[in-house]
Amino acid sequence: MGNFIPPYFIFSMRRIFFAIRLLSFLIQEIEMQFIRPLRAFPFLKLVEPETLHITTHFVGDVIEEQYQSFLDDFLHMDFSVAQKIILGGKKNLGRFGQRTLFLHVEDLSSCLSQLHETCHAFFPQNDYTYARNAQYYPHITLARNPSAQLLTSIEKKFNQITWEKHFIPASLSLMENTHLQGKKKYVERARVKLSYNPI
């Protein structure tokens with residue numbers, strides 16, 4: 001037993017999550033209100049505006065040998081939304097550990113939570129992954145490497161901002177958190193259409 005290596009360390013993994021890509025007008029607004037001002041803070045690694053997205057469901061680390069089967073299942077998903085997404089918030093910014101600065105999304109129409117529940121039901125956590133059972137927490141990642149001290153300074157700059165935006169999502173994306181050319185990147189691997197069926 002002394003030489004036993006848990007399976008997590010044997011298999012190659014892909015870190016996967018589901019997301020809604022933002023429409024161009026939302027990207028422009030977030031870039032203007034948040035991304036540009038954040039350039040004034042040292043050591044932050046800002047997310048490229050064109051990759052901005054709302055994380056709706058963290059899947060976890062998918063075993064490479066099962067990835068194609070997972071992808072095929074995703075491409076056959078049939079999702080619909082019954083309401084527009086209404087994004088809004090106060091005291092917008094938060095931090096995951098030492099790694100990620102994010103814009104908190106208040107799911108004012110419950111559309112995102114419905115998508116999350118559908119994803120969770122369609123992909124039981126243990127079928128494909130060594131998922132960490134992350135709680136549902138819709139957010140838009142803005143930057144990486146925010147220290148606690150830096151976050152305090154950033155919050156003072158942004159704590160007066162309030163916003164509310166309405167839009168109908170057209171698709172749900174399967175995203176991978178990976179490294180390309182030595183840099184951490186969010187890469188869209190596949191996309192399924194979301195039909196809009198208002199109640």
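Keep in mind it's a predicted model, so treat the numbers as computed, not measured.

Asks: Please clarify how empty space enclosed by the protein should be interpreted in this entry.
Replies: Over the atoms rolls a probe the size of a water molecule, and in doing so it shows where empty space is left. Summed over all chains, the structure comprises 1 cavity of 30 Å³ or more. Empty space within the largest cavity amounts to approximately 40 Å³. Classifying every residue of the lining of the largest cavity by side-chain character gives 4 nonpolar, 1 polar and 1 charged.

Asks: How do you make sense of the packing of aromatic side chains when you look at a structure like this?
Replies: Between two aromatic rings, the relevant description is the distance of the centres plus the angle of the planes. Taken as a whole and assessed by the stated rule, the structure comprises 3 aromatic pairs. Measuring from ring centre to ring centre gives 5.8 Å for Phe-17 and Tyr-186, while their planes differ by 90°; the resulting arrangement is edge-to-face. Of this pair, Phe-17 sits in strand β1 (residues 13-21) while Tyr-186 is found in strand β12 (residues 183-196), placing the two residues 169 residues apart along the sequence. On the accessibility criterion, Phe-17 (5% relative accessible area) is buried. Consider the rings of Phe-18 and Phe-70, whose centres lie 6.3 Å apart with planes at 15°: the pair is stacked. Pair noted here: Phe-18 is in strand β1 and Phe-70 is in helix α2 (residues 64-75), with a separation of 52 residues, a long-range link. Classification of Phe-70 by relative accessible area gives buried; the value is 0%. Among the aromatic residues, ring-to-ring pairing joins Phe-18, Phe-70 and Phe-74 into one connected group. When the ring centre of Tyr-67 is taken as reference, the NZ or CZ atom of Arg-14 above it lies at 4.0 Å.

Asks: Help me understand the layout of surface pockets in this model?
Replies: Of the voids in this model, the second largest pocket is the one considered here, and its volume is about 240 Å³. The set of elements that each furnish at least two residues to the lining of the second largest pocket consists of β2 (45-46) and β12. Among the elements that line the lining of the second largest pocket, the one with the most residues is β12, at 3 residues. Grouping the amino acids of the lining of the second largest pocket by side-chain chemistry returns 1 nonpolar, 3 polar and 7 charged.

Asks: What's the story with the nonpolar core in this structure? I'm lost.
Replies: Across soluble globular proteins, nonpolar side chains have a tendency to be buried as a group. Membership of the largest hydrophobic core comes to 52 residues, with the highest contact counts inside it found for Ile-140, Leu-142, Ile-154, Leu-172 and Leu-174. No other element matches the 6 residues that helix α1 (residues 24-38) contributes to this core. Leu-172 has contacts with Phe-18, Ala-19, Ile-20, Thr-56, Phe-74, Phe-79, Cys-119, Ala-190, Arg-191, Val-192 and Leu-194, leaving out every residue within four places of it along the chain.

Asks: I would appreciate a short explanation of the pattern of salt bridges in the present structure.
Replies: What the rule picks out here adds up to 9 salt bridges. Between Glu-29 and Lys-165 there is a salt bridge, with its nearest N and O atoms 3.1 Å apart. On the criterion of sequence distance, the pair formed by Glu-29 in helix α1 and Lys-165 in strand β10 (residues 163-167) is long-range, its members being 136 residues apart. Several salt bridges converge on common partners, so that one network encompasses Arg-14, Glu-64, Glu-176 and Arg-189.

Asks: Can you help me understand the packing of α1 against helix α5 (residues 148-158) in this one?
Replies: The relative placement of two packed helices comes down to the angle between their axes together with the axis-to-axis distance. Relative to each other, α1 and α5 sit at 145°, their axes nearing to 12 Å. Crossing of α1 over α5 shows right-handed handedness. Each of Gln-33, Phe-34, Pro-37 and Leu-38 in α1 lies in contact with α5, whose residues at this interface are Ile-154, Lys-157 and Phe-158. When the residues that make up the contact of α1 with α5 are grouped by side-chain class, the tally is 5 nonpolar, 1 polar and 1 charged.

How each quantity is defined
- Residues numbered from 1 in each chain as written.
- Predicted model: local features only at pLDDT ≥ 70, side-chain atom pairs only at ≥ 80, totals over all residues.
- Heavy atoms only, no water.
- 1 Å grid on protein atoms, 1.4 Å probe; cavity = no way out; pocket = protein on both sides within 12 Å on 5 of 7 lines; lining within 4 Å.
- Points joined across faces, edges and corners; volume = space filled by probe spheres on them.
- Nonpolar A, V, L, I, M, F, W, Y, C, P; charged D, E, K, R; others polar.
- Phe/Tyr/Trp six-rings, centres within 6.5 Å; stacked < 30°, edge-to-face > 60°.
- Helix = DSSP H or I, 4+ residues; strand = E, 2+ residues; numbered from the N terminus.
- Buried < 20%, exposed > 50% of the residue type's maximum accessible area, 1.4 Å probe, protein only.
- Lys NZ or Arg CZ within 6 Å of the ring centre and 35° of its normal.
- Core = buried A, V, L, I, M, F, W, Y, C linked by side-chain atoms within 4.5 Å.
- Contact = heavy atoms within 4.5 Å.
- Salt bridge = Lys/Arg side-chain N within 4 Å of Asp/Glu carboxyl O.
- Axes fitted to C-alpha atoms, helices over the stretch in contact; angles between N-to-C directions.
- Left-handed = near helix turned anticlockwise from the far one by under 90°.

Just geometry here; none of it tells us what the structure is for.
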